[in-house]
Amino acid sequence: MTLILVRHGQTEMNRGGRFQGRTDSQLTELGEAQADMVAATLADSGATAVVSSPLLRATQTAARIAATLGVSVEVDERLIEIDYGTWDREPLSNVSADEWARWRADPEFTPPGGESLLTVWDRAVACADDLLVPRRTTIAVSHVSPIKAIVAWSLGAGLDATWRMRLDVAAICAVDRRGADPLLLRFNQKPGAR
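Residues numbered from 1 in each chain as written. Predicted model: local features only at pLDDT ≥ 70, side-chain atom pairs only at ≥ 80, totals over all residues. Heavy atoms only, no water.

Undergrad: Provide a residue-level description of the packing of aromatic side chains, including the pertinent values.
TA: In this structure the tally under the stated criterion is 11 aromatic pairs. Ring geometry for F19 versus W87: centroids 5.5 Å apart, planes at 35 degrees, classification tilted. Of this pair, F19 sits in the loop between α1 (12-15) and α2 (29-41) while W87 is found in the loop between β3 (73-75) and α4 (97-105), placing the two residues 68 residues apart along the sequence. Taking relative accessible area as the criterion, F19 reaches 3% and is therefore assigned buried. The rings of F19, Y84, W87, W100, W103, F109 and W163 are connected pair by pair, giving a single aromatic cluster. (Phe/Tyr/Trp six-rings, centres within 6.5 Å; stacked < 30°, edge-to-face > 60°. Helix = DSSP H or I, 4+ residues; strand = E, 2+ residues; numbered from the N terminus. Buried < 20%, exposed > 50% of the residue type's maximum accessible area, 1.4 Å probe, protein only.)

This is how it looks when you write it as C-alpha cells:
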C-alpha cells in the first residue's frame, strides 16, 4: 500500500508569493507542463486511483495524471488547502513578524476568518489514513499544508515539523504503512527524478 502525494503545479498566486488558500486559481502554462511531467513520472507507479482536492489547480493537475493512468479523478474535500481567511490573495510579506511567530508557536492559531493548522492536520491525516489501503497505490493531489501535515504524521513528528519543510510546486512525496505505523518513502521529489 502506498499513498503518493502530489502538490499541484504552479499558479500565478504562488509564483507571485501570495497566500493561496481557498482561492480557486488555475495552473499557469508552466504549471500545466509541471503537471504533465508529474504524470509522466508516475505513469509506471502502479496507481489505480487518483484523488484530488476540489480546488481547480489540484483537479487540473490530477486530471493530467489520471489521463496518463487511464483512471478517473475522485474528489476528497479533506485534501483542500488551509483556509487563510482574510489573508487569502495577500502577499506573504503582509503578515507581521509577530503574527508569524504566533502562528509558528501555536498549532491552534487561526488567521482572521480562516482555519488552524491543527484543523488541517486532523482532516489531512484522516484522509491519508483512509487512503492507505492494503495492496493499493493511490495518488492524492493536494496542497502544501495538507501534504506537509501528512509527511509530519508519517515521521511521527508534531505539527511544528511542518514549519521545517520546503515543499515545491509539482513535488512528489510518498508514504506507506508498516504494521500500524505510517512510513515516509520520499519527500519533495522533482518530476522526472527517480
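There is more to say after this.
Undergrad: Lay out the pattern of salt bridges with the relevant residues and their values.
TA: If you walk through the whole model with that rule in mind, you get 11 salt bridges. A salt bridge links R15 to E12; the nearest nitrogen and oxygen atoms lie 2.4 Å apart. Taken together, the residues span about one helical turn, with R15 and E12 both in helix α1 at a distance of 3 residues. Put simply, D160 and R164 hold a salt bridge, and the shortest N to O gap is 2.8 Å. Linked through salt bridges whose partners overlap, the residues forming this network are R22, E115 and R123. (Salt bridge = Lys/Arg side-chain N within 4 Å of Asp/Glu carboxyl O.)

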